[in-house]
Amino acid sequence: MNPTASPPNSAHGAAWHRFFAFEAHQTTPHKEMVAGLVTFMTMAYIIFVNPSVLAGAGMSKAAVVTATCLGAALPTLLMGLWARYPLALASGMGLNAALVIQASQPGMTWQTMMGVVVVEGALVTLLVLSGVREQVMEAIPINLKRAIGIGIGVFIAFLGLQQMGWVAKGAGGAFLAPGSFKVLPTLIASAGLALTMTLLACRVRGAILWGILGTAALAWASDRLSPGAPPLVVLPDRCVATPEFTTFGAADILAALKPALWGVVFAFLITDFFDTMGTVIAVGAQGGYMDARGRIPRLHRVLVVDSLAAVWGGLCGASSVTTYIESAAGVSAGGRTGFVSVVVAVLFLMAMFFAPVIGAVPSLATAPALVVVGFLMMNLVREMDLNSADEGIPAFLTLLLIPLTQNISCGIGVGFLATVAVKLLSGKAREVSPWLYGITLVFLLHFAL
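Everything numeric here is computed off the predicted structure, so don't read it as measured data.

Asker: Go over the environment of isoleucine 142, please, and point to the residues and values.
Answerer: As for its position among the elements, isoleucine 142 is in helix H8 (residues 142-164). On the basis of relative accessibility, which here comes to 24%, the residue isoleucine 142 falls in the partly exposed class. Each C-alpha atom, one on isoleucine 142 and one on valine 372, is 24 Å from the other, the two residues being 230 residues apart in sequence. Discounting residues that sit within four places of it in the chain, isoleucine 142 has contacts with Met290, Ala292, Arg293 and Gly294.

Asker: Tell me about the confidence of the model for the chain, and name the residues and values.
Answerer: Mean pLDDT over the chain stands at 85; residues scoring 70 or higher make up 95%. No element of the chain has a lower mean pLDDT than helix H1 (residues 11-20), at 75, and none a higher one than helix H11 (residues 253-256), at 95. Confidence drops under a pLDDT of 50 for residues 1-6, and excluding neighbours within four residues, the segment shows seven contacts in the predicted structure.

Asker: Hey, could you go over the nonpolar core for me, with residue numbers and the actual values?
Answerer: Grouped together as the largest cluster of nonpolar side chains are 106 residues, with contacts concentrated most on Phe40, Ile47, Ile152, Phe274, Phe348 and Phe416. Not counting residues within four places of it along the chain, the set of residues in contact with isoleucine 152 comprises Gly278, Thr279, Ala282, Ile325, Met377, Ile402 and Ile408. Grouped together as the second largest cluster of nonpolar side chains are 23 residues, Leu99, Met108, Met114 and Ala256 included.

Asker: Could you give an account of H8, with specific residues and numbers?
Answerer: The end-to-end C-alpha separation of H8 is 33 Å, in line with the 33 Å expected for 23 residues at 1.5 Å each. With 17 of 23 residues buried, H8 lies mostly within the body of the structure. One or two residues past the end of H8 sits glycine 165, with phi positive at roughly 95°.

Asker: Would you mind going over unusual backbone geometry in detail, with residue names and values included?
Answerer: In this structure, alanine 21 takes a positive phi of about 55° despite not being glycine. Within the secondary structure, alanine 21 sits in the loop between H1 and helix H2 (29-43). A positive phi angle, close to 60°, is found at arginine 84, a residue other than glycine. Its location among the elements puts arginine 84 in the loop between helix H4 (61-83) and strand E1 (89-91).

Asker: Give me the side chain of threonine 398: which residues, what numbers.
Answerer: Note on placement: threonine 398 falls in helix H17 (residues 389-405). Those residues in contact with threonine 398, other than ones at most four positions away along the chain, are Leu144, Ala147, Ile148, Gly411, Ile412 and Gly415.

Asker: Can you lay out the packing of aromatic side chains for me, pointing to particular residues and giving the numbers?
Answerer: Going through the model one piece at a time under the given rule, you end up with 10 aromatic pairs. With a centroid separation of 5.1 Å and an interplanar angle of 85°, the aromatic rings of phenylalanine 40 and phenylalanine 348 are classed as edge-to-face. Of the two residues, phenylalanine 40 is situated in helix H2 and phenylalanine 348 in helix H15 (residues 339-358); the sequence distance between them amounts to 308 residues. There is no split in this pair, since phenylalanine 40 and phenylalanine 348 are both buried. Judged by centre distance (5.8 Å) and plane angle (35°), the ring pair of phenylalanine 443 and phenylalanine 447 falls under tilted. Here phenylalanine 443 and its partner phenylalanine 447 are both found in helix H19 (residues 434-448), four residues apart, which amounts to about one turn of the helix. Judged by relative accessible area, phenylalanine 443 falls into the buried class, the value being 0%. One aromatic cluster in this structure is built from Phe19, Phe20, Phe22 and Phe339. Above the face of the phenylalanine 19 ring, arginine 84 is positioned so that its terminal group lies 3.8 Å from the ring centre. Positioned over the ring face of tyrosine 85 is arginine 298, at 4.4 Å from the centre of the ring.

Asker: So what's going on with H17? Residues and values would help.
Answerer: Between the first and last C-alpha of H17 there are 23 Å, a value that for 17 residues agrees with the 24 Å anticipated at 1.5 Å per step. Residues of H17 that are buried include every one of Asp390, Gly392, Pro394, Ala395, Thr398, Leu399, Ile402 and Pro403, and no others. Check the buried side of H17 and you find it contacts H8 and helix H18 (408-425). Remark: glutamine 406 follows H17 within two positions and exhibits a positive phi of approximately 55°.

Asker: How would you sum up the state of the cysteines? Please name residues and give values.
Answerer: In protein chemistry, a disulfide is the covalent bond that joins the sulfur atoms of two cysteines. The tally for this structure, following the rule as stated, stands at zero disulfides. The cysteine cysteine 316 is free of any disulfide, with cysteine 69 supplying the nearest cysteine sulfur at 11 Å.

Asker: Describe a nonpolar patch on the surface, and please don't skip the residues or the numbers.
Answerer: Taken together, the side chains of Val240, Val346, Met350, Phe353, Phe354 and Val357 present a nonpolar region at the surface, about 480 Å² in accessible area. Positionally, valine 357 belongs in helix H15. A relative accessible area of 37% means that valine 357 is categorised as partly exposed.

Asker: Residue-level account of the pattern of salt bridges, with values.
Answerer: Tallied over the entire structure, the rule returns four salt bridges. With a shortest N-O distance of 2.9 Å, lysine 423 and aspartate 390 are connected by a salt bridge. Of this pair, lysine 423 sits in helix H18 while aspartate 390 sits in helix H17, and the two are 33 residues apart along the sequence. Taking the relative accessible area as the measure of exposure, lysine 423 reaches 4% and is therefore buried. Across the pair aspartate 390 and lysine 428 runs a salt bridge whose closest N-O atoms are separated by 3.0 Å. Here the residue aspartate 390 occupies a position in helix H17, and lysine 428 occupies one in the loop between H18 and H19, the gap between them amounting to 38 residues. On the accessibility criterion, aspartate 390 (10% relative accessible area) is buried. Each of the salt bridges in this network shares a partner with another, and the network as a whole consists of Asp390, Glu391, Lys423, Lys428 and Glu431.

Cut-offs and rules
- Position numbers for residues start from 1 in each chain and track the written sequence from start to end.
- Only residues with pLDDT of 70 or above have their local features reported here, since the model is predicted, and side-chain atom pairs are shown and tallied only from 80 upward, although totals for entire chains, interfaces and linings are computed over all residues.
- Each side-chain value is worked out from all heavy atoms of the structure, with water and hydrogens disregarded.
- Strands are runs of DSSP state E lasting at least two residues, helices are runs of H or I lasting at least four, and both sets are numbered from the N terminus onward.
- Accessible area is worked out with a 1.4 Å probe on protein chains only. A residue is then buried under 20% of its type maximum, exposed over 50%, and partly exposed in between.
- Residues count as neighbours in contact if any of their non-hydrogen atoms are within 4.5 Å of one another.
- Along the chain, pLDDT gives the predictor's confidence residue by residue, from 0 to 100.
- In these notes, a set of buried Ala, Val, Leu, Ile, Met, Phe, Trp, Tyr and Cys residues joined through side-chain atoms within 4.5 Å is what counts as a nonpolar core.
- A helix's residues, less one, multiplied by 1.5 Å, set its expected span.
- Pairing of aromatic rings covers Phe, Tyr and Trp, the last through its six-membered ring, and needs centres within 6.5 Å; plane angles under 30 degrees mean stacked, over 60 mean edge-to-face, and all others mean tilted.
- Whether a charge sits over a ring comes down to the Lys NZ or Arg CZ being within 6 Å of the ring centre and within 35 degrees of the ring normal.
- Any two cysteine sulfur atoms within 2.5 Å of one another count as a disulfide.
- In this analysis, a patch consists of residues with relative accessible area above 30% that form no salt bridge, clustered at 9 Å for like charges and at 5 Å for the nonpolar side chains Val, Leu, Ile, Met, Phe, Trp and Tyr.
- Note that accessible areas follow from Shrake-Rupley with a 1.4 Å probe, and for residues the cover is restricted to the protein chains shown.
- When a carboxyl oxygen of Asp or Glu lies within 4 Å of a side-chain nitrogen of Lys or Arg, that pair is called a salt bridge.

Structure representation (structure tokens):
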């Protein structure tokens with residue numbers, strides 16, 4: 001008998017177990033805590049990357065650290081307690097860079113762009129509450145949904161390989177080139193990947209987390225053996241930092257409502273709308289939440305939380321907050337319930353005060369985890385229908401373009417366009433949902449602009 005899986009003795013403990021349905025999901029609080037830690041460590045880079053990006057718009061790095069942590073913590077907590085899914089949220093990469101580019105234009109400020117984020121988040125919320133966003137997700141063919149999950153998995157693995165140094169930007173205009181295996185960080189990251197794969201093969205619980213910690217320890221040991229070389233693990237000079245809240249409530253919503261910015265609001269809305277859709281589909285399929293028709297229970301709650309998170313991110317001054325595909329790391333580690341998200345939320349709140357310590361974990365330690373997560377998401381290939389061209393080609397284009405363009409929305413948009421085109425030209429127009437026709441027209445407009 002496994003004591004960790006047995007029901008607790010107290011009535012309070014039993015209610016807690018029933019609330020998260022540990023037994024129904026064949027998991028335990030300990031496994032969920034490990035999964036939450038894995039998810040957090042895989043996405044904790046945003047605590048340091050987001051301030052560096054938004055600093056380009058003239059924002060205080062210290063204030064953005066606080067905004068990033070709190071902007072992630074509250075929506076993630078709501079996702080765990082209300083939607084009850086192991087999905088974590090934080091400031092979206094890509095949208096934060098787009099925000100900086102727009103804020104750098106003459107007459108623009110970061111406060112106005114945060115207002116744009118609030119406005120587009122509010123519009124997405126209205127689309128969710130009216131049922132439009134959920135109807136669109138239901139209208140996506142199951143084969144295309146699986147292709148989105150696979151494409152995102154390849155995208156995640158590609159990001160990990162870049163961070164490991166296995167893939168580099170080519171010289172002389174070349175798109176990509178092999179990395180160098182003569183540099184120490186690449187060798188250590190490669191050893192970390194071997195360690196993580198071995199732990200997974202041996203079915204060690206929390207293999208991804210142990211792989212991250214083991215790789216970080218190896219990098220630290222390398223620094224001790226090579227005192228003259230640039231350190232791979234930068235130990236902090238202090239453990240605790242005082243949060244700074246100067247970006248909170250600074251969003252200029254009235255300025256964002258000017259007609260001149262409607263195009264910017266639309267661009268942000270499209271990206272937010274479909275990036276999250278791809279993430280939810282990918283993690284939902286990986287975690288086994290999706291039924292045979294491609295439907296996910298309590299999807300409405302997930303979408304409500306995600307849309308409100310964008311509004312919250314703008315109000316905090318953290319850019320748009322969205323559901324993170326790195327949530328798949330926790331699911332790969334065995335996480336199945338909303339308790340994973342609760343753990344991640346608590347860790348983000350703690351990170352506001354212990355950001356220097358978290359920063360000591362280098363990206364080369366988390367990169368192997370991304371590669372492994374990408375591999376685990378490839379399981380969806382077995383369920384894809386590649387026998388018919390009208391189902392297989394759009395799916396193939398989707399899973400191909402998501403990693404190649406490094407843009408989830410672009411891959412999804414091309415998949416929609418290809419699906420509608422091949423159905424129309426092959427005389428199967430009635431098989432396409434009216435919602436899919438409508439969204440395809442929106443994507444045509446988006447690509448044209």
